[in-house]
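Architecture at a glance
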Amino acid sequence: MFRQALQFINYDKPKAFGATLGVLVAIFLIGQQAGIFIFLTSLMTSLVDNSKADIWVVNDKARDANRLGTLDMRYVQELKSVPGVDIASPLVLAGASAKLQNGEQLPVQLIGVEAPEFLLEPWRVVKGSKFGLLSNGAVSADVFDFKSIDTLRIGEPLEVNGVRSYVRTVTRGARGFGGTLMVTTINQARKLGKVPVYKASAILLTVQPGFSADSVVAAINRNFFGVRAWEREAFSRQTRQENLSNSGIGTSTFTLIIFAIISGMVIIGLTLYSAAIERLNDYATMKAIGASNAYVTRIILAQALLIATVGFAMAAGLLVAFQRGIANAGVLFNYGSMLWVGLLLATLFLSLGGALLAIFRIRKVEPASVFR
Amino acid sequence: MPEVLARLEQAKKVYRTGDTTIVALDSTTLDIRSQELVLVEGPSGSGKTTLISLIGCVIYPTEGKVFVRNIHTSGLNDRQLSKLRLKNIGFVFQNFNLIAPFSALDNVAFPLRLMGKSGREAYKEARQQLEKLGLADRGKNLPRELSGGQKQRVAIARALVANPRILLCDEPTASLDHDSLKKIMTELRNLSQEGKAVVVVTHDPRLEEYADRIIRVEDGRIVDEVTG
Ligand SMILES: Nc1ncnc2c1ncn2[C@@H]1O[C@H](COP(=O)(O)OP(=O)(O)OP(=O)(O)O)[C@@H](O)[C@H]1O
Ligand SMILES: [Mg+2]
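Residues and elements named next belong to chain B. In the sheet, strand β9 (residues 213–218) pairs with strand β10 (residues 221–227) via six bridges, with the strands oriented antiparallel. If you follow E218 over to β10, its bridge partner there is R221. Counting the residues that bridge the hairpin from β9 to β10 gives two residues, and of these D219 lies at a positive phi of roughly 50°.

Below you can see the structure in the form of structure tokens.
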């Protein structure tokens, strides 16, 4: 079957090439869009996903970890008395402006965390450590956020909201959705961002062994007013949903993927169809000799599968190259195995769907047409 | 004893294109028997190809019945009909109809592969068949690389390879030189004597000496039938 299919492909190389290119382009585009989408959604939820908290307690109106609002510091003590709560540690987010020595200026989001609990600590640290943040005027910074700095050094001086500060922890790829993140101590964040001592953006909790996070969440939400507790995963989901529905990223990615599938299928469909039309006489002869419709259908499907396999392999290679290339620009993401499976299914869908038109035509051809 | 291998019973074929209707073959009743080489003659457009296509079940009669080995063919579905053709009928088409992407050898092996023979077996038998027709060294060539006469012989090899009881040949000698013609007609005659039914459509009077029966078709009708 595959041997015969290969002979048909071989006989009309330009068409096979066209169809393969169709698969390649469509799958590459889908993979590329999906990769960017994965990256962007990981940015949306990076604060939550990288926290060590089991539970986030936030203002009850907050639906997005990047826009938390504020809550009262007195909740910290009250939350500590809830059965099952181990650590309760406030978190302060504050917008600020950072200015480098060479004059480059950029807006940053300060993340003030309580030491030594560090329920949200800098992730993907490449130089220094979180303990560097304990020294005076210390902040963390990410190498991808500074255009003018090739190598971000420990001790790099900068001004945050006009206050002299130093980079004590360097990360690579620890970024947020809103922009540049800088982790510092909670006191430093309050000072730089002018956040009063009786306010916090969130209170992060860990749960004692033997207690389940959801029962603690339920207890808090039953007994506290003005705040809402979320399990980390749930808050991550909520944040992603909120950002996706507000930003149009989801719709635009989805639209692009749909268009890639449609155009890929049209290219493959038309190429396979015109290849089949050109070889109509051969298929009619096969039928006249005694090949059933099922047999000629399988020959077309086998051609589509061969083309799909080659197209997918090439697209996968290009996607890996794309992923590596773009990682150098700070766009870090991983294609999970689910995505590869998804792409493979999309490839099958494209090529088998594209083959349908050709199959219908070939099944309709009468053996008698060998006489014309 | 000769047996009836195929039978047309009041079979009629009408083509309709737009508002013109062409009666390609008028009601015809005809038996095709084993151990018999039948020649079908007649002017161009008289219905010769239509006649053997009906016998070969590649077209359906507009009216009447077609039997192949006592099976009434209009009751069969696509699969059954394909199988019937594959097992019982070898067809040499008027314009060869070799499968273009397949080599000569692949073309000849094709019916055997369809019958479910292993690749090794099919190619061995196909090679032998090509050898018999003097094409041993042409197996790897694509049809477009072969001369008219070579294509014709590949087509004959393909029709013979699966050893069908009924052999239908539409102008099988048109592109052949005298020697090849003689060889092939002798072979066809032998095959018929061994028990096959062989039907040969031709314009060529040289073939008459090989025939057991000659049918003359004009305007879609059998106008003469001579048993020799
Ligand atoms: N598929 C078709 N559609 C319309 N008319 C057809 C079709 N096939 C055959 N005919 C017509 O039926 C008549 C008989 O055709 P057929 O092919 O049987 O003739 P033939 O005797 O084989 O001729 P030739 O010697 O030229 O091969 C012709 O008039 C032909 O034009
Ligand atoms: Mg004809």
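All names here are of chain A. Spanning 28 residues, helix α11 (residues 337–364) covers 40 Å between terminal C-alpha atoms, matching the ideal 40 Å at 1.5 Å per step. Residue L356 marks the point of greatest curvature in α11, where the axis turns by about 30°. Within the sequence span of α11, burial applies to L343, A346, T347, L350, S351, G354, A355, A358, I359 and I362. The inward-facing, buried residues of α11 abut α2 (13–44), α8 (249–278), α9 (280–289) and α10 (293–327).

The next thing to look at is the packing of α9 of chain A against α11 of chain A. All names here are of chain A. Two elements in contact, α9 and α11, have axes separated by 9 Å at closest approach and are oriented at 55°. In terms of orientation, α9 and α11 fall into the oblique class. With respect to the hand of their crossing, α9 and α11 are arranged in right-handed fashion. In contact with L280, Y283 and K287 of α9, α11 contributes R361, I362, R363 and K364. Split by residue class, the contact of α9 with α11 holds three nonpolar, no polar and four charged.

Here we take up the sheet that holds strand β1 (residues 4–17) of chain B. Residue and element names in this part refer to chain B. Strand order in the open sheet formed by four strands is β2-β1-β4-β5, and the pairing between neighbours is antiparallel. The open sheet is flanked by β2 (20–33) and β5 (71–72), the only strands paired with a single partner. With five bridges joining them, β1 and strand β4 (residues 63–68) adopt antiparallel strand pairing. Opposite L8, over in β4, you have V66 as the bridge partner. Against the sheet, helix α1 (residues 48–55) engages β1, β2 and β4, with an angle of about 55° to β2.

Definitions and limits used
Residues numbered from 1 in each chain as written. Chains lettered and ligands numbered in written order. Predicted model: local features only at pLDDT ≥ 70, side-chain atom pairs only at ≥ 80, totals over all residues. Heavy atoms only, no water. Pairing = 2+ DSSP bridges. Helix = DSSP H or I, 4+ residues; strand = E, 2+ residues; numbered from the N terminus. Expected span 1.5 Å × (residues − 1). Bend = angle between axes of the 7 residues up to and from the residue. Buried < 20%, exposed > 50% of the residue type's maximum accessible area, 1.4 Å probe, protein only. Contact = heavy atoms within 4.5 Å. Axes fitted to C-alpha atoms, helices over the stretch in contact; angles between N-to-C directions. Parallel < 35°, antiparallel > 145°, perpendicular 65-115°, else oblique. Left-handed = near helix turned anticlockwise from the far one by under 90°. Nonpolar A, V, L, I, M, F, W, Y, C, P; charged D, E, K, R; others polar.

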